[in-house]
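Spelled out from the first residue to the last, the chains are:
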Amino acid sequence: MSKDRLIIFDTTLRDGEQSPGATMDQDEKLRIARALERMKVDVIEAGFAIASQGDFESVKAIADTVRDSTICSLARAKAGDIDRAGEALQNANSGRIHTFIATSPIHMQHKLRLEPDQVIEHAVAAVKHARGLIDDVEFSCEDAGRSELDFLCRIIEQVIDAGARTINIPDTVGYAIPGQFGDTIRQLLARIPNSDKAVFSVHCHNDLGLAVANSLEAVLNGARQVECTINGLGERAGNASLEEIVMSVRTRADLFPVETRINATEIVPASRLVSSITGFPVQPNKAIVGANAFAHESGIHQDGVLKHRETYEIMRAEDVGWNTNRMVLGKHSGRAAFRARLDELGISFASDAELNEAFQRFKDLADKKHEVFDEDLHALVSDTKQAAEQERFKLVLLEAASKTGETPEARLIVSVDGDEQETVAGGAGPVDATFKAIEQIAHSGATLQLYSVNAITAGTDSQGEVTVRLEKGGRIVNGHGADIDIITASAKAYLNALNHFAAGLERAHPQAADV
Ligand code: KIV
Ligand code: ZN
């Protein structure tokens, strides 16, 4: 039986980035986009171009670089948003504008303060405007999960006539239940006279833990695009997780009349990259990408798996990219090998000086840690790029001491706008002392919301990767730092968060205000 293609639309860089604290910079977004391209994701929603200058530049950089996936920008149903999206996508090999407006009674009445007919007018005008700029236009009925079916039929028929090629049905607040949501998709396809002129898509949030189940039910009822994110990142409880959608369709090929073009062996590396960049750890029992997803604890299971793998395993760990973080480089590796691996990972530097600096850091690392993995390279690159930026706070020196029975102490020199300042502080532990010392210099007044340390690779010689989340006046920022010494990694992460505060970028949220 020939199967339909299920289009995988990844929105890690847009909806995923809307999770509080998951903000990414341009370089981080580019690295994730390259990982998604390697995975053969069909459509990458790279951002919301009008949100800020930084968002615009990130969407543009991704559209300029990625060749093998369609690059999409979100735009409210407003000419200004759509023009900005079109501008960012100008050099895309294949670009898409995704415009949306809310269609549920509660959103139309309280958020938009528009009558249903006015909403249709805005939607049609937006789609026509977008089609004037680009052929590939997607239209979303925000809060479709709580919209009236008759109204959805009316608006969708008209936006398809206006030129929308993809119709997305978001369950924006994660309210749907699988059987009911599948039925909605089936009815829309059956009742809308021109439904065959567009691909129907779904975008499910996970507030009831049903995002993947709802998306799969929609596929069984005719949806041919699923919007999802790596690790299920996204607003509130997140979006449907890409890895679960892809592996469900593949593992239960007996049930699903669709196939994807995803290279599943890139799933685990992409999951690790997203986790490391956002600082959102993956829970150990998370399907597909959790550390325990393929681990067998009970004796009975282990015995079964050793005798015949399929007794307890429905997928093979290696098929989703476990054990593919090949040991790529060591201390004898030269500059050419280092550069070649960075190229394969889609990492580039603004200048030769930066590349040389990264190579030097690699040599220092390889001296301390004999096997250098892809994860180490990503951390090292983040560090080099941070150091090259014109940042307000830079770590110059850190000495942290702790001894049983004595108060730990940190002596620190930080450069603040080029002026070196020194201080000493005590604390409950060496990390606490280091953060107190930084605050004595920075006086940020921010509160620490999250401190997490992850070993980047296995073994006690692994680099520690630290995430620090700070909050001040309702604004949340993340900072990251990696080092073999976790106290140094912690100091780097804290300073990185302070630098994000100092950058002070304001951006619009796509769903906060509307037309
Ligand atoms: O959840 C949602 O409705 C969205 C739309 C903007 C597609 O993210
Ligand atoms: Zn969403």
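Residues numbered from 1 in each chain as written. Chains lettered and ligands numbered in written order. Predicted model: local features only at pLDDT ≥ 70, side-chain atom pairs only at ≥ 80, totals over all residues. Heavy atoms only, no water.

(A) Expanded view of the overall build of the protein. Looking only at helices and strands, the protein features 16 helices and 18 strands. Out of the 515 residues belonging to the protein, those deemed buried represent 56%. Partitioning the intrachain contacts of the protein with sequence separation of at least 6 by distance along the chain shows that 68% fall at a separation of at least 24. About 21,600 Å² of surface is accessible on the protein, with carbon and sulfur atoms providing 49% of the total. (Helix = DSSP H or I, 4+ residues; strand = E, 2+ residues; numbered from the N terminus. Buried < 20%, exposed > 50% of the residue type's maximum accessible area, 1.4 Å probe, protein only. Contact = heavy atoms within 4.5 Å. Areas by Shrake-Rupley, 256 points an atom, 1.4 Å probe, with all protein chains shown as cover.)

(B) Structural detail: the packing of aromatic side chains. Taken as a whole and assessed by the stated rule, the structure comprises 5 aromatic pairs. Where Phe-338 meets Phe-359, the ring centres are 5.5 Å apart and the plane angle is 55°; that geometry is what we call tilted. Highlighted residues: Phe-338 in helix 12 (residues 335-344) and Phe-359 in helix 13 (residues 352-368), separated in sequence by 21 residues. Owing to a relative accessible area of 0%, Phe-338 belongs among the buried residues under this scheme. You can call Phe-359 buried: its relative accessible area is 14%. A connected cluster of aromatic rings, assembled from ring pairs, spans Phe-338, Phe-359 and Phe-362. (Phe/Tyr/Trp six-rings, centres within 6.5 Å; stacked < 30°, edge-to-face > 60°.)

(C) Looking closely at the coordination of the zinc ion (ligand 2). Within the protein, the atoms that donate to the zinc ion (ligand 2) are Asp-15 (OD), His-203 (NE2) and His-205 (NE2), at distances of 2.0 to 2.1 Å. All donor residues of the zinc ion (ligand 2) come from one chain, and their arrangement in sequence is D-x187-H-x1-H. Taken as a pair, Asp-15 in the loop between strand 2 (7-10) and helix 1 (26-39) and His-205 in the loop between strand 8 (199-204) and helix 8 (211-220) lie far apart in primary sequence, 190 residues in all. The two residues Asp-15 and His-205 agree in class, both being buried. (Donors = N, O, S within 2.8 Å, 3.2 Å for Na, K, Ca; no water.)

(D) Main features of the environment of Ile-155. With respect to the element layout, Ile-155 can be found in helix 6 (residues 149-162). In this view, Ile-155 contacts Ile-101, Thr-103, Val-119, Ile-120, Ala-123, Phe-139 and Cys-141; residues no more than four positions away in its chain are not counted.

(E) Structural view of unusual backbone geometry. Even without glycine at this site, Asn-231 takes up a positive phi of about 60°. Mapped onto the secondary structure, Asn-231 falls in the loop between strand 9 (225-228) and helix 9 (242-251). With relative accessibility at 17%, the residue Asn-231 sits in the buried group. Here Ile-288, not a glycine, exhibits a phi torsion of approximately 70°, which is positive. Of the residues examined, Ile-288 reaches a relative accessible area of 7% and is grouped as buried.

(F) Focus on the nonpolar core. In this structure, Met-39, Phe-139, Ile-155, Ile-156, Ile-167, Ile-169 and Val-202 are the most contacted members of the largest nonpolar core, which totals 99 residues. Beyond its immediate chain neighbours, meaning those up to four positions away, Ile-156 contacts Cys-141, Ile-167, Ile-169, Leu-188, Ile-192 and Phe-200. (Core = buried A, V, L, I, M, F, W, Y, C linked by side-chain atoms within 4.5 Å.)

(G) Representation of the site of ligand 1. For ligand 1, the full set of nearby residues is Arg-14, Asp-15, His-98, Ser-140, Glu-142, Pro-170, Thr-172, His-203, His-205 and Gln-511. A distance of 2.9 Å is found between an oxygen atom of ligand 1 and a side-chain nitrogen or oxygen belonging to Arg-14. One of the side-chain nitrogen or oxygen atoms of Asp-15 is found 3.0 Å away from an oxygen atom of ligand 1. Protein burial of ligand 1: of its 260 Å² of free accessible surface, 100% is covered by the chains. (Near = heavy atom within 4 Å. Polar contact = N/O pair within 3.5 Å; in protein donor to acceptor, adjacent residues only side chain to side chain.)

(H) Representation of a nonpolar patch on the surface in the model. A grouping of Leu-448, Tyr-451, Val-453 and Ile-486 is seen on the molecular surface, where their side chains present a nonpolar patch of about 310 Å² in accessible area. Ranked by residues supplied to the nonpolar patch, first place goes to strand 16 (residues 447-455) with 3 residues. Within the secondary structure, Leu-448 sits in strand 16. (Patch = residues over 30% accessible without salt bridge, like charges linked within 9 Å, V, L, I, M, F, W, Y side chains within 5 Å. Salt bridge = Lys/Arg side-chain N within 4 Å of Asp/Glu carboxyl O.)

(I) Main features of the side chain of Glu-138. Checked against the element boundaries, Glu-138 lands in strand 6 (residues 137-142). The exposure class of Glu-138 is buried, given its relative accessible area of 0%. Among the polar contacts listed, one links the side chain of Glu-138 to the side chain of Arg-96, at a separation of 2.8 Å. The contact partners of Glu-138, leaving out residues within four places of it in the chain, are Phe-9, Arg-96, Ile-97, His-98, Thr-99, Thr-166, Asn-168, Gln-225 and Glu-227.

(J) Broad picture of the packing of helix 2 (residues 53-65) against helix 3 (residues 79-88). For the pair helix 2 and helix 3, the least separation of the axes is 8 Å and the interaxial angle reads 40°. Relative to helix 3, the element helix 2 is oriented oblique. Packed against helix 2, whose contacting residues are Gln-53, Phe-56, Val-59, Lys-60 and Ala-63, the element helix 3 presents Arg-84, Glu-87 and Ala-88 at the interface. Per-class residue counts for the contact of helix 2 with helix 3 are 4 nonpolar, 1 polar and 3 charged. (Axes fitted to C-alpha atoms, helices over the stretch in contact; angles between N-to-C directions. Parallel < 35°, antiparallel > 145°, perpendicular 65-115°, else oblique. Nonpolar A, V, L, I, M, F, W, Y, C, P; charged D, E, K, R; others polar.)

(K) Highlighting helix 7 (residues 178-191). Here helix 7 spans 20 Å end to end across 14 residues, near enough to the 20 Å set by a 1.5 Å rise per residue. In this fold, the buried residues of helix 7 make contact with helix 6, strand 7 (166-171), strand 8 and helix 8. (Expected span 1.5 Å × (residues − 1).)

(L) How the structure looks around the sheet that holds strand 18 (residues 475-483). Here we have 3 strands laid out as an open sheet, ordered 16-17-18, and antiparallel in their pairing. Edge positions in the sheet fall to strand 16 and strand 18, since each of these pairs with one other strand and no more. Across the sheet, the axes of successive neighbouring strands diverge by a mean angle of 15°, strand direction being ignored. As defined by bridge partners, strand 16 adjoins strand 17 (residues 464-472) across 8 bridges and the pair is classed as antiparallel. Paired with Leu-448 across the bridge in strand 17 is Leu-470. (Pairing = 2+ DSSP bridges.)

(M) Highlighting the side chain of Ser-69. Mapped onto the elements, Ser-69 comes out in the loop between helix 2 and strand 4 (70-76). For Ser-69, a relative accessible area of 2% puts it in the buried group. Engagement of the side chain of Ser-69 in a polar contact is seen with the backbone oxygen of Val-41, the distance being 2.8 Å. Not counting chain neighbours up to four residues away, the residues in contact with Ser-69 comprise Leu-36, Glu-37, Val-41, Asp-42, Ile-44, Ser-94 and Arg-261.

(N) Examining the pattern of salt bridges more closely. Enumeration according to the criterion identifies 38 salt bridges in this entry. With a shortest N-O distance of 2.7 Å, Arg-236 and Asp-207 are connected by a salt bridge. Placement of Arg-236 in the loop between strand 9 and helix 9 and of Asp-207 in the loop between strand 8 and helix 8 is noted, with a sequence separation of 29 residues between them. Classification of Asp-207 by relative accessible area gives partly exposed; the value is 32%. Here Glu-422 ties to Arg-411 by a salt bridge, and the two come within 2.3 Å at their closest N and O atoms. With Glu-422 in strand 15 (residues 419-426) and Arg-411 in strand 14 (residues 409-416), this pair connects stretches of sequence that are 11 residues apart.

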